[in-house]
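So you can see what is in the structure, the chains are spelled out below.
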Amino acid sequence: MTRRKGMRVIEQNSSKIQLQIDKIKQLRAERDMKEVKHFPFSKDPSKPIPGMTLEESVNLDALNKYLKHLEDKHAEIKQLMSKKYVPAQRKAHLEEEMIVILKRRDEAENANKELQFRHQRLQIIFYALTSWVKSDMSSSFQDFMKQMEKTKDLYGDQGIVEELCEDPSKAKEAEILLYYIERFNELISLGEYEKAICFAARSPRRILQNIGTVDKFKAVGKIRGKPSPLLLFFEAIFSTSHAHRRPVNAELTLEGIKCGLSEKRLDLVINWVTQEWLTFSEEAGDVICAYGEQNTHNKAKCLALAQIIYNECSVHNKAVLCLCKQGQIYEAMQYIQQFKDFTSDDLMQLIKLCPHHELIWCLTKEWNGKPPLLSFGLVILHLCSVDMKKVAIRLLQEVNEGGKNAIEHLMINNPFCCLERWQEVASICLQHGFDRLYNDIMSVLRSQAGVTEISEEDDTVNLMEHVFW
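Rules and cut-offs
Every chain's residues receive numbers from 1 upward, in the order its sequence appears when written. In keeping with the model being predicted, local features are shown solely for residues with a pLDDT of at least 70 and side-chain atom pairs are shown and tallied solely at 80 or more, while totals for entire chains, interfaces and linings include all residues. Derived side-chain values reflect all non-hydrogen atoms in the structure, with water molecules and hydrogen atoms excluded from consideration. Each helix corresponds to a stretch of at least 4 residues labelled H or I by DSSP, and each strand to a stretch of at least 2 residues labelled E; elements are numbered beginning at the N terminus. Any two residues having at least one pair of non-hydrogen atoms within 4.5 Å are treated as being in contact. A 1.4 Å probe and the Shrake-Rupley method give the accessible areas. Residues count as covered only by the protein chains that appear here. Salt bridges are counted wherever a side-chain nitrogen of Lys or Arg sits within 4 Å of a carboxyl oxygen of Asp or Glu. Stacked, edge-to-face and tilted are the three classes for Phe, Tyr and Trp ring pairs, Trp counted by its six-membered ring, which pair at centre distances within 6.5 Å; planes under 30 degrees apart are stacked, over 60 edge-to-face, the rest tilted. Partly exposed residues are those whose accessible area sits between 20% and 50% of the maximum for their type, while under 20% is buried and over 50% is exposed, using a 1.4 Å probe and protein chains only. The convention used is that axes are lines fitted to C-alpha atoms, helices contributing only their stretch in contact, and that angles between N-to-C directions extend from 0 to 180 degrees. For classification, angles of less than 35 degrees are called roughly parallel, those exceeding 145 degrees roughly antiparallel, those between 65 and 115 degrees roughly perpendicular, and all remaining angles oblique. Gly is put with the polar residues, along with every residue not named as nonpolar or charged; the nonpolar set is Ala, Val, Leu, Ile, Met, Phe, Trp, Tyr, Cys and Pro, and the charged set is Asp, Glu, Lys and Arg. A score from 0 to 100, pLDDT tells how confident the predictor is in each residue. Only buried residues count toward a nonpolar core. Its members are Ala, Val, Leu, Ile, Met, Phe, Trp, Tyr and Cys residues joined through side-chain atoms within 4.5 Å. Helix crossings are classified by the rotation of the near helix relative to the far one: an anticlockwise turn of less than a right angle makes the crossing left-handed, while a clockwise turn makes it right-handed. In the analysis that follows, any N or O atom pair within 3.5 Å is treated as a polar contact, provided that within protein one partner can donate a hydrogen and the other can accept it, and provided that, for residues neighboring in sequence, both atoms belong to side chains. We call a pair of cysteine sulfur atoms a disulfide when they lie within 2.5 Å.

Secondary structure summary: the chain contains 24 helices and zero strands in total. Summarising the internal contacts of the chain: among those between residues at least 6 apart in sequence, 58% fall at separations of at least 24. Carbon and sulfur atoms provide 54% of the accessible area of the chain, an area that totals close to 32,300 Å².

Here it is in structure tokens:
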């Protein structure tokens, strides 16, 4: 019993000691964590120094040399920080100084404007006074001034006197305009074309946005290795017009589109047209269409752009032609039905320029419950008259394949074509070997009420007999 009791006491003491050991370990671990948090950049002295070998790290001279290198680097970084960075308080102080300086500048400009106006007014008065002294001074100075204004002798025009005396802002505006013109010409002569372009794009009242400026940039021509100055000019004025929501006039728009296409920059032209801050014209659409004909890989894009321009200019016949050339026959028919401004001659011209079979059938048949816009017979006769017989023959072949019902439907539902015209169509069919189609047409003609076929050799029939009876 004594031995067991002794063992129990030893175990209890051992567990107490183990608890104390665990508690000490935990406290030591917590202390190590706090030291790491407070000293994250502490180095282990047992590890080698970065940038030094083991031999150098135990050599006092090498260590002193390396310490000197680190001190120099530290001083250099400190000096750079003092030059590149300033305190936030310094920035606020500089902003206050800038506000004061700008205020002084504005005050000086206003004073300068006032002094310039006074100078101009004194010049006018001095000129008038000198003239009055040179005269006989028979009238008062005020009367003399009025007389000079009436005769427009004072500086050549009365308007100048009135504007300078009554509104100094107009005199200042005239000076600004003159400055822009002179500075622009100076930049062109110096070859600083980019600055000249900026001056022209930002010129007040668009004084430099005209054909004269375009001609100057055309005279410059192309510069090797650099974009065309003329193209950059149009880019600048078109972008500023979009920003200020003021469209460029039609003449400059046309020249800009020509320039963009000549430089093979269709992407720029697309951007300009879709911005819709230009003044479109029919000529601009024609230029884009012509470019598409010469560059067939861009033809679809050019037709779409030209259609936008023609729509804006209300040139409906060319807008429909662009749709047809793109193969959008259904959209073209919708367009024709919407505007209703198309005459038979317009539609015939459309067929001539775009002899698409689907288009011809849509125009000569009912569309959405509405009667046909053209007669099939008149279309055939028109195609034959304008040397497009191949298209006419192809249409006749399609009708011939449809049988008598097809031609009868076309003839009955087309009131525009008279019987004599259908006889001409029948003759064309006979000439080109469409005998069955010829017979079908003549059969339909004979079936019409009041129609009698008269032989050319029958001289006994009196065509005017009904008039006398």
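Bringing the pattern of salt bridges into the picture now. Under the counting rule described, the total for this entry stands at 11 salt bridges. For D286, the salt bridge is made with K318, and the minimal N-O distance between the two is 3.0 Å. With a gap of 32 residues between them, D286 in helix α13 (residues 282-294) and K318 in helix α15 (residues 316-325) connect regions that are remote in the sequence. Beyond isolated ion pairs, a larger network of salt bridges with shared partners links E282, D286 and K318.

With that settled, consider the packing of aromatic side chains. Enumeration over the complete set of coordinates arrives at six aromatic pairs. With 5.0 Å between their ring centres and 50° between their planes, Y180 and F199 make a pair best called tilted. A residue pair is termed long-range when its members are at least 10 positions apart, and Y180 in helix α7 (residues 168-190) and F199 in helix α8 (residues 193-201) qualify at 19 residues. Accessibility assignment for this pair places Y180 and F199 in one class, buried. Counting every residue linked through ring pairs, the aromatic cluster contains F184, F217, F233, F234, F238 and W272.

Once that is clear, we can look at the packing of α8 against helix α9 (residues 211-220). Running from N to C, α8 and α9 cross one another at 170°; their axes reach a closest spacing of 12 Å. Here α9 runs roughly antiparallel to α8, going by the angle between their axes. Together, Y193, A196, I197 and A200 of α8 and T213, F217 and V220 of α9 make up the contact between the two elements. Looking at side-chain class alone, the contact of α8 with α9 contains six nonpolar, one polar and no charged residues.

The predicted model of the chain has a mean per-residue pLDDT of 76, with 74% of residues at 70 or higher. Per-element averaging of pLDDT across the chain places helix α24 (residues 465-468) at the bottom with 40 and α13 at the top with 92. Below a pLDDT of 50 lies the segment residues 152-166, which in the model reaches 23 contacts outside its immediate sequence neighbourhood of four places, other chains included. Considering only residues more than four positions removed or in separate chains, one finds that residues 460-469, a stretch of pLDDT under 50, has one contact.

The biggest cluster of nonpolar side chains holds 81 residues, and the ones touching the most others in it are F233, F234, V269, I288 and L383. Broken down by element, this core gets its largest block of residues, seven residues, from helix α10 (residues 229-244). Ignoring anything within four residues of it in the chain, the contact list for V269 reads I257, G260, L261, I288 and L305.

To continue, consider unusual backbone geometry. In the Ramachandran plot, K264 falls in the positive-phi region, its phi being about 60° despite a non-glycine side chain. Inspection of the secondary structure assignment puts K264 in the loop between α11 (250-262) and α12 (266-275). You will see that S314, though not glycine, has its phi angle at about 60°, which is positive. Since its relative accessible area comes to 48%, S314 is described here as partly exposed.

The N-to-C vectors of helix α16 (residues 329-339) and helix α18 (residues 357-364) enclose an angle of 35°; their axes lie 10 Å apart at closest approach. Read as a crossing pair, α16 and α18 show a hand that is right-handed. Residues I329, M333 and I336 of α16 form the contact with α18, whose own contacting residues are E358, L359, C362 and L363.

On to the environment of K299. With respect to the element layout, K299 can be found in helix α14 (residues 299-313). Look past the residues within four positions of K299 in its chain and what remains in contact with it is G292 and E293.

Turn by turn, an α-helix covers 3.6 residues, leaving residues three or four places apart pointing in a common direction. Within the sequence span of α16, burial applies to I329, A332, M333, Y335, I336 and Q337. Looking at the buried positions of α16, the neighbouring elements they touch are α14, α15, α17 (344-353) and α18. Positioned one or two residues after α16, K340 has a phi angle of 60°, which is positive.

The next subject is the side chain of T213. Relative to the helices and strands, T213 resides in helix α9. Not counting residues up to four positions away in its chain, the partners in contact with T213 are F184, A200, L208 and F233.

Attention now goes to the side chain of N298. With respect to the secondary-structure elements, N298 resides in the loop between α13 and α14. In terms of polar contacts, N298 uses its side chain to reach the side chain of H297, at 3.3 Å. Ignoring anything within four residues of it in the chain, the contact list for N298 reads L266 and Y291.

Before going further, it helps to examine the state of the cysteines. Chemically, a disulfide is nothing more than a covalent bond linking the sulfur atoms of two cysteines. Using the criterion set out here, one finds zero disulfides in the structure. No disulfide involves C322; its nearest neighbouring cysteine sulfur is the one of C289, lying 4.1 Å away. Overall, C322 belongs to the buried group, its relative accessible area being 2%.

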